[in-house]
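What the coordinates show
Listed below, chain by chain, are the residues.
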Amino acid sequence: MIAAAQVTYTAAQAWSDLAQIGPIVAVTVALLVAVVVDLLLPRGLRGPVVTVIAIVGLVSALAIAAYRLVNGYGGPAYFRFVSGDAFALFFEMLFALIGVLAVIVSSSYVRRRGLYEAELQVLTLAAIVGMMSLAAAGSLVTVFLGLELLSIALYVSCGYNRIELPSQESAAKYLIIGGFASAFVLYGMALIYGATGTTVLSDIATRVTSDSAGNPLLLLGVLLMGVGFAFKVSAAPFHMWTPDVYQGAPLPVTAFMSVATKAAAFAMILRVFNYGLGHLGPEWQVLLAFTAAASMVVGNLMAIVQASLKRMLAYSGVAHAGYILVGVLAGGRAGVAAVLFYLFGYVFMNFGAFAVVSTLSGPAGDGDLYEDLNGLAYRNPTLGVLMSVFMLSLAGFPPMVGFFGKVFLFTAGISAGWTWLVVLAVLTSVVSVYYYFRVLFHVWSPLPEAPVRFAFGPVRGPVTVVLLAGVFAVALGPLSGFLLQVGLNGAAPLLSGR
Amino acid sequence: MLSAIWILPALGGLIVCFLPRGAARVGAILVALAELALTLVVAATFDASHHGYQYAEQASWIAQFNVSYHLGVDGLSVWLLVLNALIGALAVLATPAAWPRASAFLGLMLLMESGMAGVFLSVDLLLFYVFWEAMLIPAYFLLWLWGEGERPNYAALKFVLFTLVGSLLMLVGVLGEYVFSSAHTFDLPALAAQPPSPAIQFGLFALFAAAFAVKIPVWPLHSWLPDAYMSAPTPFLLLLAGVMGKTGAYGMLRVLLPLNPHPVNWWDWNWVLPVLAVIGIAWGALLALAQRDLKALVAYSSISHMGFIVLGIFALNAQGQEGALVQMLNHGIIVPALFLIVAWIYARTGSRDRSVLTGLAPAMPVLAGVFLVVTMAALGLPGLNSFVGEFMTLLGAWQLSPWLAVAGCIGLILAPIYMLRLFQGAMYTEVAGPPDHPAEGVVRKDMARGELALIAPLLALMFVLGLYPYLVVHALPALGQGMQVLHW
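This is a predicted model, so every value here is computed, not measured. (Residues numbered from 1 in each chain as written. Chains lettered and ligands numbered in written order. Predicted model: local features only at pLDDT ≥ 70, side-chain atom pairs only at ≥ 80, totals over all residues. Heavy atoms only, no water.)

Moving on: the environment of B:Phe65. Its place among the elements puts B:Phe65 in the loop between strand S1 (54-62) and strand S2 (67-73). Residue contacts for B:Phe65: discarding those within four places in its chain leaves A:Phe408, A:Thr411, A:Leu484, B:Tyr178 and B:Phe186. (Helix = DSSP H or I, 4+ residues; strand = E, 2+ residues; numbered from the N terminus. Contact = heavy atoms within 4.5 Å.)

All names here are of chain A. Positionally, Ser212 belongs in the loop between helix H8 (201-207) and helix H9 (216-232). Taking C-alpha positions, Ser212 is 9.4 Å from Ala195, a pair spaced 17 residues apart along the chain. If we ignore the near neighbours within four places in the chain, the residues touching Ser212 are Arg207, Leu218 and Leu280.

A separate point is the layout of surface pockets. Taken as a whole, the largest pocket holds about 1600 Å³ of empty space. Taken together, 40 residues form the lining of the largest pocket, with A:Val385, A:Val389, B:Leu14, B:Leu108 and B:Leu111 sitting closest to its centre. Of all the elements in the fold, those that place two or more residues in the lining of the largest pocket are helix H15 (376-379) and helix H16 (381-395) of chain A together with helix H1 (2-17), helix H4 (102-121), helix H5 (125-134) and helix H6 (136-145) of chain B. Ranked by residue count, the leading element in the lining of the largest pocket is H4(B), at 7 residues. What lines the second largest pocket is a set of 21 residues, and nearest its centre among them are B:Ala94, B:Thr234, B:Pro235, B:Ala343 and B:Trp344. Counting residues per element, the ones that place at least two in the lining of the second largest pocket are helix H11 (234-259), helix H14 (318-349) and helix H18 (449-467) of chain B. For the lining of the second largest pocket, the element with the most residues is H14(B), which contributes 7 residues. Tallied by class, residues from the lining of the second largest pocket come to 14 nonpolar, 3 polar and 4 charged. (1 Å grid on protein atoms, 1.4 Å probe; cavity = no way out; pocket = protein on both sides within 12 Å on 5 of 7 lines; lining within 4 Å. Points joined across faces, edges and corners; volume = space filled by probe spheres on them. Nonpolar A, V, L, I, M, F, W, Y, C, P; charged D, E, K, R; others polar.)

Turning to the nonpolar core, a few remarks are in order. Of all hydrophobic cores here, the largest spans 369 residues; its most connected members are A:Phe91 and A:Leu277. When we break this core down by domain, the ones giving at least three residues each are domain 1 (1-266) and domain 2 (275-451) of chain B. Listed in part, the 10 residues of the second largest apolar core include B:Val16, B:Ile29, B:Val92 and B:Leu106. (Core = buried A, V, L, I, M, F, W, Y, C linked by side-chain atoms within 4.5 Å. Buried < 20%, exposed > 50% of the residue type's maximum accessible area, 1.4 Å probe, protein only. Domains from an automatic or database assignment.)

Next up on the list: the packing of aromatic side chains. Residue and element names in this part refer to chain B. Inspection of every chain in the model, using the stated rule, returns 50 aromatic pairs over all chains. An angle of 70 degrees between the planes, with centres 5.1 Å apart, marks the rings of Trp6 and Phe131 as edge-to-face. Residue Trp6 is located in helix H1, and its partner Phe131 is located in helix H5; the two are separated by 125 residues in the primary sequence. Phe131 sits in the buried class, given a relative accessible area of 7%. Taking the ring centre of Tyr154 as reference, the NZ or CZ of Arg151 above it sits at 4.1 Å. Sitting over the face of the ring of Tyr346, Arg352 holds its NZ or CZ atom 5.2 Å from the ring centroid. (Phe/Tyr/Trp six-rings, centres within 6.5 Å; stacked < 30°, edge-to-face > 60°. Lys NZ or Arg CZ within 6 Å of the ring centre and 35° of its normal.)

Here the focus is unusual backbone geometry. The linkage connecting A:Pro398 with the following residue, A:Pro399, adopts the cis geometry, with an omega of 5 degrees. Cis geometry marks the peptide bond from B:Ile216 to B:Pro217, where omega comes out at -10 degrees. Here B:Pro217 shows up in the loop between helix H9 (198-215) and helix H10 (224-231).

This is the structure we're talking about:
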């Protein structure tokens, strides 16, 4: 604390630190440039130019992260407040990829809905900077900084379609409940700082031993942070905001939130619980095991009765959070690697599904009912086949990536003794097949007599994204050995401290 | 060589999906026949004196979990592969060119055939599971989009959900084998060599048994079958009834018993499955007696006959399990033949109602003759194939417990009743109704040459296997890994 004043900070050190957070810097620069360009350019050019800038920034972040991952990567930077380790790089690549997909889908969506383009891209970039900081966080302070940055950007994005009431409702709900969750997390962090005297995670990891289990400050801190984290990953019983927020927000924002926020929140859980508070495992595992079981049951059962695709996917997201928590509970290298693998696969299958739904929107609104999918396979065979691939992957059918993700999660779960949770996960995923197949039913059912609500407008961008996601969702399955190795490398930094 | 057996129909199926109608049918037939030739070459060059997997192919797949891409054939799988290819070829040939959306239908059929071939080929547990689940996707679409009857969607969804409950439980079992076996691999021979502790085996046994019992199906998990068979279109039904049920029985012999040879925990589990099998034999036969619809009758008789297979497997002796394998092939030959005949009668008379169909033989003597042979085979007449299999399974069951064998004979007694009553009623009862008899005025023409050619291989096999069962049994000692009998 006081020690920081005595440190000399050389220029060489500054450059090396900057290199550690290279991907974050790239996105931040793109964000700042985009804001300025948005002010200076003539009206007609703003949208397309900002979109291009966003894509360039994200792709360069991806390239920097990939380069650092291949050519050896460092450890802590900025007095251990941030880290450029393999775990951070994994998530930075993931967020950059999601960002590219989201920007493309948004660009096409806002044009069809007649919304303003540039600001949404800027907000997406800001959220990504927050997410990347979260994944790279080496200290509770950085964790909270990243969490707030991503949350505030998303509060605004949710209300982006401000003339529509559902969008306003979505933003208001997310703001209030998100703020509530942030407060929980912050209070928990304060208590943990009180108990350990530090916010740096590696110091917490050494100071909190299994003997600390009796410390009420720590336990209360873990409880409060656990509740806050569960809000963020939308795990039951703290999932109530998810369906309403997802339904009201503009579709690309929903798609982005459903995968990126979830991944970021899991990165945060892994950093704080599995790494920082690893020795308190038995304590937080009780909490998360209950949350995981509740998420699987509630998510899958509630998804059955939804009429809106957005709400169905929201509840299915709750269920998937439950599955992923199995890997968090299992911990260890296999468990963390399984979580990373699953998140990577989940991004493509879930974002792909949302991107397909986003093609159904027109000037009049979003087509998010099951009926709007009727005959999709005959209206647009590419989208029909790909939507089927995403649903089968979400349902966990081989050879799609969703299946291998479940295999790795459940293997880790059984190895760590969470067999009952795995059996519950398996049984509830049978339930999930019902509602995923209901989508297939509408996609492949013969064309309706009545005209469909939403004919296809110019949707070239999203189709590209859907195709890309579909290729990933299928191809990553058989190639899962490679991706798992990336996940295992990413998991390593969380274990070296102990 | 073995990779080609599953890749050929998979690739062929994907290509056929995008071909125009006429070309799709020709392409599908070519692929199916090439597949049949490929499996026949493997069967012909199979070395029955060799112990272990033959034509094995192994490559590392997911190295971190010791998952390998490992294929092989042995005495258990080689003839099932041929059966799969044969029924697949017949099913493609039985699809008329005028079939609705024929390209997609044929493509999906080939994909399903590929999945089942993969199940029979896999020597790696995870690979086995991948193929096991993968074959379900085309099956679902085939059953739903081309299904007959009122609610094909309901039948298809019921089929998928039933199967999935079992197979997802099996997924836990698959992962459990990896975690609890000291081998820490998914390779079947290695897992069989180092089974987990008996108490763990008990749990894993139950998980695997659930999946295979649903697929076969074993009473009381059979309720998806009548719905699925009733709404399945005939070409797909050949594959579904002829081969898919066998994957469950095959899984019992390949995975369930070798990997969990001594599961003991709270009670003597040895009796559970044989008793369920015998109940299934009687239950299926009794329900077959009560059916008026021809298709439903054959469906329930199929449940009854599958009971013999399970009984043979869990007799846990050589005769029983050899009989089970023979019976798997027999059932795969007889049931498709029966469903073909039912479809042809329906095409000619517009009815499948047993009480309406009478006196067809004079109008269609060849069909009557063919039907007679198939009926005799189905009820187990000595000299035809089914007799051999049922006799061997009952012989095996007798060694386990005479009472089980006696109870199993109920099926043998009831089979002639429902089969002969069906045959006589439909073919030979005098047409003694009023002039406005429902069956009057329909097209009454005999079998076409194409139809005869379609069923001829099945008829020939009924005689061949009936008179010379050694053809398939002699390959059995060439097992890739110990079957249960070898160390019981």
